[in-house]
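Single-letter residue listing:
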Amino acid sequence: MRQLIAGNWKMFGLTQEAAAIATPLLAAGPLGRDLLVCPPATQIAAVARILAGSPVAIGGQDCHTEVQGAHTGDISAAMLRDAGASHVILGHSERRQNHGETDELVQAKVRAAVAAGLTPIVCVGESDAERQAGWETGVVGKQLKGSLPDDFAGIIAYEPLWAIGTGRTATEGDVAAMHRFIRETLARRFGAAGESISILYGGSVRPANAASLLAVPHVGGALVGGASLNAGQFLEIARA
Ligand code: PEP
């Protein structure tokens with residue numbers, strides 16, 4: 001399976017900035033890895049126009065559980081798809097924390113995303129306190145159990161909360177242990193079908209640490225926040 005390097009732009013990017021990040025990706029050349037950018041919803045259509053005909057995929061950062069309806073301020077999976085997205089990040093820790101998203105809600109969003117033809121990227125990860133207490137696999141196991149439907153066929157992103165936006169990266173040993181745990185959990189639940197679920201690592205991935213993190217067994221790529229806002233750094237990670 002080819003590794004995927006996915007950029008989560010979060011709530012960054014006005015029109016000019018989005019173009020400045022997306023345009024250099026057109027000249028990336030062959031990387032041996034797949035690229036995905038997830039701009040804020042307002043920039044998806046513009047970025048899709050810039051990247052039209054290129055192999056770079058586009059994703060949303062969240063979606064509603066319903067196709068349409070009286071949900072002021074929300075965006076549906078069908079709308080993301082219509083704007084040019086093929087993927088959607090779901091259950092990111094910032095949404096779990098800031099918007100109270102539960103595993104049950106994330107699972108409903110996964111179903112909505114798949115129904116609209118999007119590939120869901122489901123984020124899981126433990127807090128610093130949970131890791132200190134030795135609960136990391138328990139927490140991630142519970143998130144996987146609750147957030148994934150029985151017919152799940154998307155992507156997982158393991159993102160320890162203490163490594164997101166902090167510059168503090170998980171050690172290769174931490175990543176190896178957790179990715180092995182996730183791989184075994186998926187195999188138990190989904191059997192052979194689980195083997196096609198790729199598991200990304202996310203949390204302060206930078207050009208300097210990308211090569212070693214991407215070489216860890218069961219790491220299917222990276223979900224990159226801060227460094228994805230700079231096309232040069234994002235491409236350095238993709239080439240690492
Ligand atoms: C993220 O928010 O998904 C992320 C991994 O952020 P950063 O790379 O900035 O830690």
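Model, not experiment: these values are computed from the prediction.

(A) Structural view of the overall build of the chain. When helices and strands are tallied, the chain shows 10 helices and eight strands. The C-alpha atoms of the chain give a radius of gyration of 17 Å, which matches the 18 Å a tight globule of 240 residues would have. Taken over the C-alpha atoms alone, the chain extends approximately 45 × 45 × 35 Å along its principal axes. In the chain, which comprises 240 residues, the share counted as buried stands at 52%. Within the chain, residue pairs in contact and separated by at least 24 positions form 71% of the contacts whose partners lie at least 6 positions apart.

(B) Quick peek at the sheet that holds strand 1 (residues 4–8). Around the barrel, which closes on itself, the eight strands sit in the order 1-2-3-4-5-6-7-8 with parallel pairing between neighbours. Strand-to-strand twist in this sheet, taken as the mean axis angle between neighbours without regard to direction, amounts to 25 degrees. Judged from the five bridges that link them, strand 1 and strand 2 (residues 34–38) form a sheet pairing that is parallel. Considered in strand 2, the bridge of Leu-4 is made with Asp-34. Across the sheet, helix 8 (residues 172–190) lies against strand 5 (119–124), strand 6 (155–158) and strand 7 (198–202), angled at about 150 degrees from strand 7, the strand it touches most.

(C) Main features of the site of the ligand. Surrounding the ligand, one finds 15 residues, the nearest of these being Lys-10, Glu-159, Gly-165, Ser-204 and Gly-225. At a separation of 2.7 Å, an oxygen atom of the ligand approaches a polar backbone atom of Ser-204. Of the residues contributing to the shell around the ligand, the split by class is four nonpolar, eight polar and three charged.

(D) Region of the structure containing the environment of His-87. Relative to the elements of secondary structure, His-87 occurs in strand 4 (residues 87–90). Sequence separation between His-87 and Pro-217 is 130 residues, and the spatial gap between their C-alpha atoms is 24 Å. Look past the residues within four positions of His-87 in its chain and what remains in contact with it is Leu-36, Ala-57, Ile-58, Gly-59, Gly-60, Leu-118, Thr-119, Ile-121 and Ile-155. Of the polar contacts made by the side chain of His-87, one reaches the side chain of Ser-86; its length is 2.8 Å.

(E) Quick peek at the side chain of Arg-33. Of note, Arg-33 is situated in the loop between helix 1 (15–22) and strand 2. Of the buried charged residues, Arg-33 lacks a salt bridge, with Asp-34 as the closest side chain of opposite charge at 9.6 Å. There is a polar contact of 2.8 Å between the side chain of Arg-33 and the side chain of Gln-3. Of the polar contacts made by the side chain of Arg-33, one reaches the backbone oxygen of Ala-240; its length is 2.7 Å.

(F) Summary view of the pattern of salt bridges. Under the definition given, this model contains 12 salt bridges. We note a salt bridge from Lys-109 to Asp-62, for which the minimum N-O separation is 2.7 Å. Here Asp-62 lies in the loop between strand 3 (57–60) and helix 3 (77–83) and Lys-109 lies in helix 5 (residues 103–115), a separation of 47 residues in the sequence. Look at Lys-109 and you get buried, because its relative accessible area is 6%. Residue Arg-95 pairs with Glu-101 through a salt bridge whose shortest N-O separation is 2.8 Å. We classify Arg-95 as partly exposed; its relative accessible area is 22%.

Procedures and definitions
- Counting from 1, residues in each chain are numbered in the order their sequence is written.
- Confidence filtering applies because this is a predicted model: local features only for residues at pLDDT of at least 70, side-chain atom pairs given and counted only at 80 or more, and all residues used for totals across whole chains, interfaces and linings.
- With hydrogens and water set aside, each side-chain value is computed from the structure's full complement of heavy atoms.
- A run of H or I in DSSP counts as a helix once it spans at least four residues, and a run of E counts as a strand once it spans at least two, with each numbered from the N terminus.
- Only C-alpha atoms enter the radius of gyration; for comparison, a globular chain is expected to reach 2.2 Å times N to the power 0.38, where N is the number of residues.
- Only protein chains enter the accessibility calculation, which uses a 1.4 Å probe; a residue whose area is less than 20% of its type maximum is buried, one above 50% is exposed, and one in between is partly exposed.
- Two residues qualify as a contact provided that any one of their heavy atoms is within 4.5 Å of a heavy atom in the partner residue.
- Being paired, for any two strands, means DSSP has found at least two bridges between them.
- Note on geometry: axes are C-alpha line fits, over the in-contact stretch for helices, and angles between N-to-C directions span 0 to 180 degrees.
- By convention in this text, a residue qualifies as near a molecule or strand provided that one of its non-hydrogen atoms is within 4 Å of it.
- Two N or O atoms count as a polar contact when they lie within 3.5 Å, although within protein this holds only if one can serve as hydrogen donor and the other as acceptor, and sequence-adjacent residues are included solely when both atoms are side-chain atoms.
- Gly counts as polar in this scheme, as do all residues outside two lists: the nonpolar Ala, Val, Leu, Ile, Met, Phe, Trp, Tyr, Cys and Pro, and the charged Asp, Glu, Lys and Arg.
- The convention is simple: Lys and Arg are positive, Asp and Glu are negative, and His and the chain ends are not counted.
- Here, a salt bridge means any side-chain nitrogen of Lys or Arg that lies within 4 Å of a carboxyl oxygen of Asp or Glu.

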